[in-house]
Amino acid sequence: MAVYMVSQAEVKKLRPRMTAGLIFVAGIAVVLLGQLVLNMVLTQDAYHLRSLKLEKRDLNTQVQILQEEVDSLASPQNLADAANRLGMVANPASVLLDIENDKVFGKPKPASAANASWLPMRLWEPFLTFPRQRSQALKCLRVSKPRNQLPLA
Amino acid sequence: MGKHGSLNRRFGAFALILVVMVLGLGIRLVDYQVVRAEQIREESFKSRSITQTLPALRGQIRDSSGQVLARTVFRYDVNAAPKNVGSIFKTVDGVRTERTVEQIVLELAPLVGLTPEELTERLAGDSEYSNLAKKVDAETYNAIRELGIPWIYFDPFADRLYPNGAVAGNVLGFVGSDGVPLAGLERQYNTCLAGIDGQETFERSAEGVRIPTSNVITQPTQNGGTLNLSIDANLQFFAQQVLADTVNDLDAQWASAVVVEVETGRLLAAAEAPSVDPNDPAASDSKDRGSKIFQSAFEPGSIMKSLTTAMVLDTKTADAYDKVRAPDYMKLDFAGGWIKDSFGHEPYNLTLGGVLRFSSNTGMSNFGVKIDKSTRHNYLQKFGFGSVSPLRFEGESSGILHDYQDWDKMTNHATTYGQGISVTGIQMAYAYQAMANDGVRLDPILVENCVSEDGTILYQPKQNSTRVLSKQSANLNINLMEKVVEFGGVGQNAGIDGYRVAGKTGTAQIKDGAGYGSQFAISFYGVAPAENPKFVVGVTIYKAVGVSNSLQATFPFKAIMQQALKSYRVPPSTSKSPDLPSGKFGEVETRN
């Protein structure tokens, strides 16, 4: 390593130019600013992602609640009970129509308590276990009815 | 020059120090960046990263129409941190409101199923954890969350829900609170239902916010497959309901009913009473948590006679017109050997049809023993007795079919009318399926398949078929069984308006120690429509109090068969059964 002695004129020539310096500083500023903006966007997205995830979780919960309700309402015991409460009686007589040949299979009979194949459609306790906190319809189901008074067919 | 020399020396010293320092930093740099780089990176990653198990959801179990019989749902344990319990302050439009702990307790108590006093007690103290409620459903969870209590937190976990309650509970089985399957199909098909837990690693910032794009799935989650059953939930429910009534009315120990689709061998219903509710297995007696249809063997009694008549026809030992002597009591050709009919009567001369219609033990034995033991044993094996069904239901019984060489003289006679052999409900149902299906027994189908989330079939059973009888003898035998329902004193009650029904009653005394006791297993097994059988329905009622004949089994049979015919839209019969002799002296009986 060595130290050189230089003249005033040479010093002037070697002095860095103002514009170059400005460009350099501005460049750094732009890069930093860009980084900051990018960072902000990314962070924002992370928060957005998190809020969407929470929303998804809530919606999943909602779906589950509805699904459970649909399952229970669609269960055969619920349908049977709902039909019973509307006073419906199953008709054991099978009657089928053959449209092509214009024929009726079986003898049509009106449904009545007297000819039902199996009447006492009281729902048995094991069929009545639904998870807690159900719709009103299901809460009614939990009220155990006394043994049906109708005779066996 | 001296001035320059001193300057140069000082500068040299400065440069040396600089070089030493840079070198020091360099070494440090290499140490951090190269030598210990791996270790440091790992430590830093560890402090940022979180590894999480992504639990696989257990698959659904569905019935033949796609109705969900078992599904996985989320349940929540509700916990509080008593240490942080306090009033909640809220500022709305510049007005600061306070909800005191007392107010919150009043709102929260009904949701967690506690009285306000109990809840207050659980919130007391300054621990970090106090459980308030276990296993609340999503609706309650949402309701509690809406209260916005900062010191309440939730532990979610996957749980099993059986939305139809006890419907098919006996075959579905159930899952323990830890998610481990404990019984039934849940356990048997666990490999397919359980799925594979996944694992994920991600990084998060100091505030706990997940750093985007940082997650790496180290093990993909594979949710469990869907198990599709042949069971028809509606028919299953109907049958269970009928049996529950029957057991209640007759004060019986249990009752079972099986519905088989003849042409496919699919099991449409396997109903029992009492039956376990898989949502709450603890509520059932431990002996009622399984499936008796598969697990309990019983002496079948007279329902076996229609199988013996089929053997007689198939071996051409006799035809539908040949007769044998059938007294109500008959001494056998060895000491202490005798056979009795269930009712006293003058000596009859019965055809095979007559034997079934009067359910005569003596007549059956006289026909049956004409076939040698080994042939009959062979038929019984082909009908499926003495071995577990290909379903291999857990704990399935094979029943007892002794080797024919071990049959003593009495057993030789008794097996023709269903004693000295024990069977399960599933075996008997498929023996009847063989007769109804032109003599070909199909392997039972209970699980149709197991399908993964992406639709790949993970499991599908192979169905084999066994020819047991010739088509001709199978069909003729069904015609003989029709006489039971047309003319039989008890069998008539199994008749269904508009349909030709063939079947057989059965009353078997239950062995009580060495001899037979005073309790019975009564059955009715039958098929309809007889001219082109669609369904086998088999009903067995075990130890009904004070019931010693099979009449009570015909009512549930009729109800369930009628329901099956109706719900599958089977057109009523348009023909009549052929005129075959079934009278006391081998005459053709006339219909009224």
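Scroll up to find the structure.
Student: Is there a simple way to think about the pairing of strand β12 (residues 266–273) of chain B in this case?
Tutor: In the case of a regular strand, side chains alternate between the two sheet surfaces. A large share of β12 of chain B lies buried, amounting to eight of its eight residues. Between strand β11 (residues 254–261) of chain B and β12 of chain B, which pair antiparallel and follow one another directly, the connecting turn spans four residues, one of which, glycine 265 of chain B, has a positive phi of 75 degrees.

Student: For this particular structure, what's the right way to read the packing of aromatic side chains?
Tutor: All names here are of chain B. The tally for this structure, following the rule as stated, stands at twelve aromatic pairs over all chains. Plain terms: the ring middles of tyrosine 189 and tyrosine 459 are 5.3 Å apart, the flat faces sit at 55 degrees to each other, and that makes the pair tilted. Remark: tyrosine 459 occurs in strand β21 (residues 457–459) and tyrosine 189 occurs in the loop between α7 (184–188) and α8 (190–194); sequence separation between them is 270 residues. Taking the relative accessible area as the measure of exposure, tyrosine 189 reaches 12% and is therefore buried.

Student: What should I look at first to understand the interface of chain A and chain B in this one?
Tutor: Where interface size is given, it is often the accessible area lost as the parts come together that is meant. Across the contact, 44 residues belong to chain A and 55 residues belong to chain B. Summing both partners gives a buried area of about 4300 Å² for chain A against chain B, and 57% of it is carried by carbon and sulfur. At the junction of chain A and chain B, the tally comes to three salt bridges. With a shortest N-O distance of 3.0 Å, glutamate 68 of chain A and arginine 75 of chain B are connected by a salt bridge. Linking chain A with chain B are five residue pairs in polar contact (both at pLDDT 80 or more), by the criterion used here. Residue assignment for the side of chain A that touches chain B shows that the elements contributing at least two residues are α2 (18–74) and α3 (76–85) of chain A.

Student: Would you mind showing me how to read the packing of helix α11 (residues 305–314) of chain B against helix α17 (residues 471–487) of chain B here?
Tutor: To describe two helices that pack against each other, one gives the angle between their axes and the distance between the axes. Residues and elements named next belong to chain B. Running from N to C, α11 and α17 cross one another at 135 degrees; their axes reach a closest spacing of 9 Å. On the basis of their axis angle, the class for α11 and α17 is oblique. Of the two possible hands of crossing, α11 and α17 adopt the one that is right-handed. Here α11 contributes Ser306, Thr309, Ala310, Leu313 and Asp314 to the contact with α17, which in turn contributes Ser473, Leu476, Asn477, Leu480 and Met481. For the contact of α11 with α17, the per-class residue count stands at five nonpolar, four polar and one charged.

Student: Honestly, the sheet that holds strand β23 (residues 502–512) of chain B in this entry has me stumped. Any pointers?
Tutor: Strand-to-strand pairing in sheets goes through backbone hydrogen bonds, with the strands running parallel or antiparallel. All names here are of chain B. Judged by pairing direction, the sheet is antiparallel, and its five strands sit side by side in the order β12-β11-β25-β24-β23 without closing on themselves. At either end of the open sheet lies a strand with only one pairing partner, and these are β12 and β23. When strand polarity is set aside, the average angle formed by the axes of neighbouring strands in this sheet is 15 degrees. Pairing of strand β24 (residues 515–528) with strand β25 (residues 535–542) involves eight bridges; the strand directions are antiparallel. Counterpart to isoleucine 522 in the pairing with β25 is isoleucine 541. In the packing of helix α16 (residues 425–436) onto the sheet, the strands contacted are β11, β12, β23, β24 and β25, and the crossing angle to β24 comes to about 35 degrees. This element, α17, spans β23 and β24 of the sheet and lies at about 75 degrees to β23.

Student: Just to check I follow, could you spell out unusual backbone geometry for this structure?
Tutor: Residue and element names in this part refer to chain B. Here the residue pair alanine 273 and proline 274 is connected by a cis peptide bond, since its omega of -5 degrees sits within 30 degrees of zero. For the bond from alanine 528 to proline 529, the omega torsion is -15 degrees, close enough to zero to count as cis. Considering the arrangement of structural elements, one finds proline 529 in the loop between β24 and β25. At aspartate 93, a position not held by glycine, the phi torsion is positive, near 50 degrees. Take aspartate 93: it is sitting in the loop between β4 (88–92) and β5 (95–99). Unusually for a residue other than glycine, arginine 569 sits at a positive phi of about 50 degrees. Structurally, arginine 569 can be placed in the segment after α18 (551–567).

Student: When you look at the environment of threonine 590 of chain B in this model, what are you seeing that I'm missing?
Tutor: The residue threonine 590 of chain B is located in the segment after α18 in this model. For threonine 590 of chain B, a relative accessible area of 67% gives the class exposed.

Student: Teacher, can you tell me more about the side chain of aspartate 314 of chain B here?
Tutor: Residue and element names in this part refer to chain B. Structurally, the position occupied by aspartate 314 is in helix α11. Of the side chains with opposite charge, lysine 382 lies nearest to the buried aspartate 314, which makes no salt bridge, at 6.2 Å. A distance of 2.9 Å separates a polar side-chain atom of aspartate 314 from the backbone nitrogen of serine 470. Residues within four places of aspartate 314 in sequence aside, it is in contact with Tyr379, Val468, Leu469, Ser470 and Ser473.

Student: Is there a simple way to think about the state of the cysteines in this case?
Tutor: Disulfide: a covalent bond connecting the sulfur atoms of a pair of cysteines. All names here are of chain B. By the definition in use, this model includes one disulfide over all chains. Through a disulfide, cysteine 192 is tied to cysteine 450; the S-S separation comes to 1.6 Å. Across the S-S bond linking cysteine 192 and cysteine 450, the dihedral sits near -85 degrees, which makes this disulfide left-handed. On the criterion of sequence distance, the pair formed by cysteine 192 in helix α8 and cysteine 450 in strand β20 (residues 447–451) is long-range, its members being 258 residues apart. Judged on exposure class, the residue cysteine 192 and its partner cysteine 450 are both buried.

Student: How do you make sense of the sheet that holds strand β8 (residues 198–203) of chain B when you look at a structure like this?
Tutor: Residues and elements named next belong to chain B. Taken in spatial order, the three strands of this open sheet run β1-β8-β9, and their pairing is antiparallel. Only two strands of the sheet have a single neighbouring strand rather than two, namely β1 (49–54) and β9 (216–219). Neighbouring strand axes in the sheet, compared pairwise and without regard to direction, differ in orientation by 25 degrees on average. Here six bridges tie β1 to β8, and the two strands are oriented antiparallel to one another. In the strand pairing of β8, isoleucine 50 is matched with phenylalanine 202. Seen against the sheet, helix α2 (residues 37–48) touches β1 and β8 and runs at an angle of roughly 60 degrees to β1.

Student: What exactly am I supposed to notice about the pairing of β20 of chain B here?
Tutor: Residues and elements named next belong to chain B. Most of β20 sits out of view: four of its five residues are buried. Across four bridges, strand β10 (residues 226–229) lies against β20 in antiparallel orientation. In the sheet register, leucine 229 faces β20, and the bridge partner there is valine 447. Examined bridge by bridge, β20 and β21 share two bridges and lie antiparallel to one another. Bridging from a neighbouring strand, cysteine 450 pairs with tyrosine 459 of β21. Where β20 folds back onto β21 in an antiparallel hairpin, the turn is made up of five residues, including glycine 455, whose phi is positive at roughly 90 degrees.

Student: Would you mind going over the layout of surface pockets with me for this structure?
Tutor: If you roll a probe as big as a water molecule over the atoms, it shows you where there is empty space left. By volume, the largest pocket amounts to about 2000 Å³. Contributing to the lining of the largest pocket are 46 residues, with Lys56, Arg57 and Asn60 of chain A together with Pro55 and Phe74 of chain B lying nearest its centre. For the lining of the largest pocket, the secondary structure elements donating two or more residues are α2 of chain A together with β1, β3 (68–80), β7 (152–161) and β8 of chain B. Considered class by class, the residues forming the lining of the largest pocket number 19 nonpolar, 16 polar and eleven charged.

Scoring rules and cut-offs
- Residues numbered from 1 in each chain as written.
- Chains lettered and ligands numbered in written order.
- Predicted model: local features only at pLDDT ≥ 70, side-chain atom pairs only at ≥ 80, totals over all residues.
- Heavy atoms only, no water.
- Buried < 20%, exposed > 50% of the residue type's maximum accessible area, 1.4 Å probe, protein only.
- Helix = DSSP H or I, 4+ residues; strand = E, 2+ residues; numbered from the N terminus.
- Pairing = 2+ DSSP bridges.
- Phe/Tyr/Trp six-rings, centres within 6.5 Å; stacked < 30°, edge-to-face > 60°.
- Contact = heavy atoms within 4.5 Å.
- Buried area = accessible area lost by both parts, 1.4 Å probe.
- Salt bridge = Lys/Arg side-chain N within 4 Å of Asp/Glu carboxyl O.
- Polar contact = N/O pair within 3.5 Å; in protein donor to acceptor, adjacent residues only side chain to side chain.
- Axes fitted to C-alpha atoms, helices over the stretch in contact; angles between N-to-C directions.
- Parallel < 35°, antiparallel > 145°, perpendicular 65-115°, else oblique.
- Left-handed = near helix turned anticlockwise from the far one by under 90°.
- Nonpolar A, V, L, I, M, F, W, Y, C, P; charged D, E, K, R; others polar.
- Lys, Arg positive; Asp, Glu negative; His and termini not counted.
- Disulfide = S-S within 2.5 Å.
- 1 Å grid on protein atoms, 1.4 Å probe; cavity = no way out; pocket = protein on both sides within 12 Å on 5 of 7 lines; lining within 4 Å.
- Points joined across faces, edges and corners; volume = space filled by probe spheres on them.

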